[in-house]
Amino acid sequence: MNDSSLSHTRWNCQYHIVFIPKYRRKTMYGSVKEEVREILRTLCKYKKVEITAGAVCSDHVHLCLSIPPKLAVSEFMGYFYGRF
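Here we summarise the structure given alongside this text. (Residues numbered from 1 in each chain as written. Predicted model: local features only at pLDDT ≥ 70, side-chain atom pairs only at ≥ 80, totals over all residues. Heavy atoms only, no water.)

What about the overall build of the protein chain?
Move 1: Counting its regular elements, the protein chain contains 2 helices and 3 strands.
Move 2: In sequence order, the protein chain lays out its α and β elements as β-α-β-β-α.
Move 3: If you line up the protein chain on its principal axes, its C-alpha atoms span 45 × 25 × 20 Å.
Move 4: Among the 84 residues that make up the protein chain, the fraction classed as buried is 31%. (Helix = DSSP H or I, 4+ residues; strand = E, 2+ residues; numbered from the N terminus. Buried < 20%, exposed > 50% of the residue type's maximum accessible area, 1.4 Å probe, protein only.)

Thoughts on unusual backbone geometry
Excluding glycine, most residues fall at negative phi; most peptide bonds, likewise, are trans.
Move 1: The backbone of arginine 24 shows a phi angle near 55°, a positive value even though the residue is not glycine.
Move 2: With respect to the secondary-structure elements, arginine 24 resides in the loop between strand 1 (14-19) and helix 1 (31-46).
Move 3: On the basis of relative accessible area, arginine 24 is assigned to the partly exposed category, the value being 40%.
Move 4: Positive phi values are uncommon outside glycine, yet lysine 48 reaches one of about 60°.
Move 5: Checked against the element boundaries, lysine 48 lands in the loop between helix 1 and strand 2 (50-56).
Move 6: A relative accessible area of 69% means that lysine 48 is categorised as exposed.

Quick look at the packing of aromatic side chains
Move 1: Going through the model one piece at a time under the given rule, you end up with 0 aromatic pairs.
Move 2: One Lys or Arg, lysine 47, reaches over the ring of tyrosine 79 and ends 4.6 Å from the middle of that ring. (Phe/Tyr/Trp six-rings, centres within 6.5 Å; stacked < 30°, edge-to-face > 60°. Lys NZ or Arg CZ within 6 Å of the ring centre and 35° of its normal.)

Description of the sheet that holds strand 1
In sheet architecture, strand pairing relies on hydrogen bonds along the backbone and comes in two forms, parallel and antiparallel.
Move 1: As summarised here, the arrangement of the 3 strands in space is 1-3-2, forming an open sheet in which the pairing is antiparallel. The open sheet terminates on both sides in strands that have one partner only, identified here as strand 1 and strand 2. Averaged over neighbouring strand pairs, the angle between their axes works out to 15° when direction is ignored.
Move 2: As paired strands, strand 2 and strand 3 (residues 61-66) are joined by 6 bridges and run antiparallel to one another. Paired with glycine 54 across the strands is leucine 63, a residue of strand 3.
Move 3: Running at roughly 165° to strand 2, helix 1 makes contact with strand 2 and strand 3 of the sheet. (Pairing = 2+ DSSP bridges. Axes fitted to C-alpha atoms, helices over the stretch in contact; angles between N-to-C directions. Contact = heavy atoms within 4.5 Å.)

Following this line, the structure appears as structure tokens:
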């Protein structure tokens, strides 16, 4: 098990999240793909969320995130959407 812990608990909360652009347009390629990766890394670092796996494809983004239990998944996703 992961060594992530709070004051009296150990946790391992992992979520598989997929972002899809409207109409599944193939918009993420070339330099945009690299920029999306950097933005995702930066936003996750701000909220102390670990990216365990991820892939930026031309028409969607897959992320496997380890989100601490103190942070609600809906709150984190709202934070993401507010930044894009």
